[in-house]
Amino acid sequence: MTNLTLKQLRYFEALARQGHFGRAADVCAISQPALSMQIKELEETLGTELFERGARQVRLTSFGEAFALRVRDILRSVDELADLARASQDRLVGRLRIGVIPTVAPYLLPAIIGNLTRINDGLEIHVRETLTSKLVHELSEGRLDTAIVALPVSEPSLTEVPLFSENFVLVRPSEDEGKPVPNREALREMRLLLLEEGHCFRDQALSFCNIHSALPRELLDGSSLSTLVQMVSAGIGVTLIPEMAVRVETRSASVSVAHFQSVQPSRTIGMIWRKTSPLAQQFLKVSEIVRQSADAMRKQYKSSIVDVGAEH
């Protein structure tokens, strides 16, 4: 076992994730034969096979699955050792792997990245946009440093820092402008367009409408907020979107936007990271930059939102 190397463990981890020698080699920036040789040497050192090799895909053996869990712990610990050195500096340097949920990324990321790179010269930012469940999983495994999500996530191993709250607005066809804004009871009777399963924003919208049972036929799914707004523009139904998305998503759609008048649906956006991360203080500084970026953009969005309910 003394011949195991970190390089071999990283190659193994890449192959375990990709399930394909070619893709794993690309991730590791080496040739496929070189990767195959390192994996073969690793298996010879261990005295057992780690992968079942198929024509188009490789799969972990039962031993390989158990081995993969330990390897991920080892690699995460090694990365945190490197973070100790980074933590001794006043500002973030090197690589920052940040995850963002899809209902935040298109609207907030440009400002965040611009402000982060301006303040932290030479910072290399890697962005991962995906669902909260995947971000939490990848963060726990050490594949991400931090993530911007809707809170709470309620993971004991993660630190949660609330950044800001924002309301949801109702998006209706343009011909509905001036009509009374429905309350959530009335909204349940309408054809409500929602994001597909897995999006936390979908769950928040359902919770506001107090819909917990099997979805009625009038509820339709979309893959993005942009898709939902365009469906509304086509007269298919109504939807909810967060305030930060209004200016971007409604500028090319024939829709009207209204605030709810009594109970305001909302969400809290925050940052999360591993409690064991040595970069906690740096992430707190990043969270403040995110907060400031969001405050500035939300003021711009507020100025472009037409509060139909207040005008009529």
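Residues numbered from 1 in each chain as written. Predicted model: local features only at pLDDT ≥ 70, side-chain atom pairs only at ≥ 80, totals over all residues. Heavy atoms only, no water.

J.: I'm lost on the confidence of the model for the chain in this one. Help?
T.: Low-pLDDT stretches of the model should not have their predicted coordinates read in fine detail. With 91% of its residues at a pLDDT of 70 or more, the chain shows a mean pLDDT of 86. Ranking the elements of the chain by mean pLDDT puts helix α12 (residues 308-311) last with 39 and strand β5 (residues 146-151) first with 96. Throughout residues 305-312 the model reports pLDDT below 50, and contacts reaching past four residues in sequence, or to other chains, amount to 19 contacts. (pLDDT = per-residue confidence, 0-100. Helix = DSSP H or I, 4+ residues; strand = E, 2+ residues; numbered from the N terminus. Contact = heavy atoms within 4.5 Å.)

J.: Can you help me understand the pairing of strand β10 (residues 255-258) in this one?
T.: Successive residues of a regular strand alternate their side chains across the two faces of the sheet. Burial along β10 is two-sided: Val-255 and Val-257 and Ser-256 and Ala-258, pointing in opposite directions, are all buried. The pairing of strand β6 (residues 158-173) with β10 spans four bridges and is antiparallel. Residue Leu-170 lies in a different strand from β10, and its bridge partner there is Ala-258. (Buried < 20%, exposed > 50% of the residue type's maximum accessible area, 1.4 Å probe, protein only. Pairing = 2+ DSSP bridges.)

J.: Would you take a moment to explain the pattern of salt bridges for this structure?
T.: A side chain of one charge can pair with a side chain of the opposite charge if their charged atoms are brought near each other. With the rule as written, the count across this model stands at 14 salt bridges. Notably, a salt bridge pairs Glu-43 with Arg-53, separated by 2.9 Å at the nearest N-O pair. Taken as a pair, Glu-43 in helix α3 (residues 32-46) and Arg-53 in strand β1 (residues 51-53) lie far apart in primary sequence, ten residues in all. Residue Arg-53 is classed as partly exposed on the basis of its relative accessible area of 42%. Where Asp-73 meets Arg-76, a salt bridge forms, and the shortest distance between an N and an O atom there is 2.6 Å. Here the residue Asp-73 and the residue Arg-76 both occupy positions in helix α4 (residues 62-87), the gap between them amounting to three residues, near one helical turn. (Salt bridge = Lys/Arg side-chain N within 4 Å of Asp/Glu carboxyl O.)

J.: Explain unusual backbone geometry to me, please; I cannot follow it from the model alone.
T.: Negative phi characterises most residues that are not glycine, and trans characterises most peptide bonds. Cis rather than trans, the peptide bond between Leu-151 and Pro-152 has omega equal to 0 degrees. Topologically, Pro-152 is positioned in the loop between β5 and β6. The backbone of Ala-29 sits at a positive phi, close to 60 degrees, despite the residue not being glycine. One non-glycine residue with positive phi stands out, namely Ser-154, at about 55 degrees. Relative to the elements of secondary structure, Ser-154 occurs in the loop between β5 and β6.

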